[in-house]
Amino acid sequence: MSEQKTASPIDTPEPAQPIPRHPFFDFDNEHASFIDCIDAIDRIGAVIELCDFLKLDGDSEGGLTPDAAFGYYWISVLMRGTLSYVSDRLRVLDRQQQENHQSKATCLSALLKALPTLGGINHDRFLNNTAAQMDISRSELDQFIHKEKRQ
């Protein structure tokens, strides 16, 4: 007889209540994409508009209940944290994009200088490898070369 082992609660922890998703982000990746960041900014803008409409930051009409003040505090904390993350993430994405453009520009510059010296099968092999290195199709590379030759 074999005894069936059951997982202990420590192995598969279950939260007492479901954890709500972040109100300003809705992405499955480890890091937000550019579009995720823009969407988060738009959502924060909508919350700011709502707070302005509700006049939650003033003491007119008796002020806020303790629960409402607590909620307003955490909304502002979430907005500040989200904007800080979005700012940092957009800087990283911009730096990555600049590095990619610089890498492609360097590769294309070397390509254009080397093309006249290559002949026949080496020419095609070189273009195929260059396209693969740049993560573009061979036809896109050929179009670029023909455009540059015309200029």
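Note that this is a predicted model, so its numbers are computed, not measured.

S.K.: Is there a simple way to explain a nonpolar patch on the surface in this structure?
M.R.: Taken together, Phe 34, Ile 35, Ile 38, Ile 41 and Leu 83 make up a surface patch of nonpolar side chains, about 430 Å² in accessible area. With four residues, the top contributor of residues to the nonpolar patch is helix H1 (residues 34-54). With respect to the helices, strands and loops of the structure, Ile 38 is situated in helix H1.

S.K.: How should I be thinking about the packing of helix H3 (residues 120-134) against helix H4 (residues 138-150) in this particular structure?
M.R.: When two helices pack together, their arrangement is given by the angle between the helix axes and by the axis-to-axis distance. H4 packs onto H3 with a crossing angle of 110° between their chain directions and a minimal axis gap of 9 Å. Taken together, the axes of H3 and H4 are roughly perpendicular relative to one another. Listed contacts from H4 to Asp 124, Leu 127, Asn 128, Thr 130, Ala 131 and Met 134 of H3 are Arg 138, Leu 141, Asp 142 and Ile 145.

S.K.: In this structure, what is going on with the side chain of Thr 130? I would like to understand it.
M.R.: Looking at the secondary structure, you find Thr 130 in helix H3. Given a relative accessible area of 6%, Thr 130 falls into the buried group. Among all residues touching Thr 130, those that are not within four sequence positions of it are Cys 107, Leu 111 and Leu 141.

Scoring rules and cut-offs
Counting restarts for each chain: residues are numbered from 1 in the order of the written sequence. Selection of residues for local features in this predicted model requires a pLDDT of at least 70, selection of side-chain atom pairs for listing and counting requires 80 or more, and totals for whole chains, interfaces and linings are taken over all residues. Working from all heavy atoms in the structure, the side-chain values ignore hydrogens and water. Only residues whose relative accessible area exceeds 30% and that form no salt bridge are eligible for patches; like-charged ones are grouped when within 9 Å, while nonpolar side chains (Val, Leu, Ile, Met, Phe, Trp, Tyr) are grouped when within 5 Å. In this description, accessible areas are obtained by the Shrake-Rupley approach with a 1.4 Å probe, and a residue is regarded as covered only by the protein chains that are shown. We define a salt bridge as a contact between a side-chain nitrogen of Lys or Arg and a carboxyl oxygen of Asp or Glu at a distance within 4 Å. Note on conventions: DSSP H or I runs of at least 4 residues are helices, E runs of at least 2 residues are strands, and numbering of each starts at the N terminus. Axis definition: a line fit to C-alpha positions, over the contact stretch in the case of helices; interaxial angles, taken between N-to-C directions, run 0 to 180 degrees. Under this scheme an angle from 65 to 115 degrees is roughly perpendicular, one under 35 degrees roughly parallel, and one over 145 degrees roughly antiparallel; angles in between are oblique. Pairs of residues are marked as contacts when any of their non-hydrogen atoms sit within 4.5 Å. Classification of residues uses two cut-offs on accessible area relative to the type maximum, computed with a 1.4 Å probe and protein chains only: under 20% is buried, over 50% is exposed, and between them is partly exposed.

Shape descriptors only; they carry no functional weight alone.
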